[in-house]
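Each chain, letter by letter, is given below.
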Amino acid sequence: FRKQLYFVKDYEAYFYPMSSEYILAENSYNLGMFHICSGQWCKELIEKKFNAKAVYFQFPIDKAIYYQRKRTKQNKNIVFFAKPDMPRRCFEIGMGALEIFNRLRPDVEIILFGSPNLTKGNIPFKATIRNIIPTLDELAEMYSNADIGIVFSPTNHSLVPYEMMSCGCPVVDLDLNDAIYKYGN
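Thresholds applied
- Residues numbered from 1 in each chain as written.
- Predicted model: local features only at pLDDT ≥ 70, side-chain atom pairs only at ≥ 80, totals over all residues.
- Heavy atoms only, no water.
- Helix = DSSP H or I, 4+ residues; strand = E, 2+ residues; numbered from the N terminus.
- Buried < 20%, exposed > 50% of the residue type's maximum accessible area, 1.4 Å probe, protein only.
- Contact = heavy atoms within 4.5 Å.
- Areas by Shrake-Rupley, 256 points an atom, 1.4 Å probe, with all protein chains shown as cover.
- Lys, Arg positive; Asp, Glu negative; His and termini not counted.
- Charge placed at Lys NZ, Arg CZ, Asp CG, Glu CD.
- Salt bridge = Lys/Arg side-chain N within 4 Å of Asp/Glu carboxyl O.
- 1 Å grid on protein atoms, 1.4 Å probe; cavity = no way out; pocket = protein on both sides within 12 Å on 5 of 7 lines; lining within 4 Å.
- Points joined across faces, edges and corners; volume = space filled by probe spheres on them.
- Nonpolar A, V, L, I, M, F, W, Y, C, P; charged D, E, K, R; others polar.

**Student:** Go over the overall build of the chain with me, naming the residues and quoting the values.
**Tutor:** A tally of regular secondary structure across the chain gives 6 helices and 8 strands. Along the chain direction, N to C, the helices and strands of the chain fall in the order β-α-β-α-β-β-α-β-β-α-β-α-β-α. Across the 185 residues of the chain, 45% fall into the buried class. In the chain, once contacts between residues fewer than 6 apart in sequence are set aside, the share between residues at least 24 apart is 57%. Carbon and sulfur atoms make up 56% of the accessible area of the chain, which amounts to about 10400 Å² in all. One finds the centroid of the 22 positive side-chain charges in the chain at a distance of 3 Å from the centroid of its 20 negative side-chain charges.

Listed below in structure tokens is the structure:
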């Protein structure tokens, strides 16, 4: 090989508390490889923190699937990418915010999706639980019918907010870690 490349999808060290795993993950960026980063946020972080060479690419969106469709739902609704099994998606913060919102606006349907671990037992307010959406087409339809999509990405973002935006759904995220790199100015 002429050059070793490191594909960086997210800043893996942030997936762990300060521990051996954190230190080993963080040190992987010091191996002298050229970094190809998923999104500008990872690139900026790797360059600043490790003085390493990096480039980035924007998240690819399949426009044949994710486009704004004709709305078929009449009621106002919020969709929340709710993943209690994935700490970096800040499930507890989202649930706390939606519980307050639900008290103020009980007329707005709250739809939770993204995990098979969502049950009525761990939801403190009335919500529609969709768990895992069976097809990408159904997912795009849900986004096109949503008034707001909530996707928390305290590390690198996922494809979900871009897919939502491609379907005409405004996205709410946390203002953390140079969020401007995630969504533009």
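**Student:** Now, about the pattern of salt bridges: what can you tell me, with residues and values included?
**Tutor:** Counting across every chain of the model gives 9 salt bridges. Arginine 71 is paired through a salt bridge with aspartate 147; the nearest N and O atoms lie 3.1 Å apart. Of this pair, arginine 71 sits in the loop between strand S3 (54-57) and strand S4 (77-81) while aspartate 147 sits in the loop between helix H4 (136-145) and strand S7 (148-150), and the two are 76 residues apart along the sequence. Overlapping salt bridges bring together Lys43, Glu44 and Glu47 as one network.

**Student:** Tell me about the layout of surface pockets, and name the residues and values.
**Tutor:** The rolling of a water-molecule-sized probe over the atoms marks out the regions of remaining empty space. In this model, the largest pocket occupies a volume close to 230 Å³. As for the largest pocket, its lining consists of 14 residues, of which Lys9, Arg88, Arg89, His157 and Ser158 are closest to the centre. Of the residues that constitute the lining of the largest pocket, the class distribution is 5 nonpolar, 3 polar and 6 charged.

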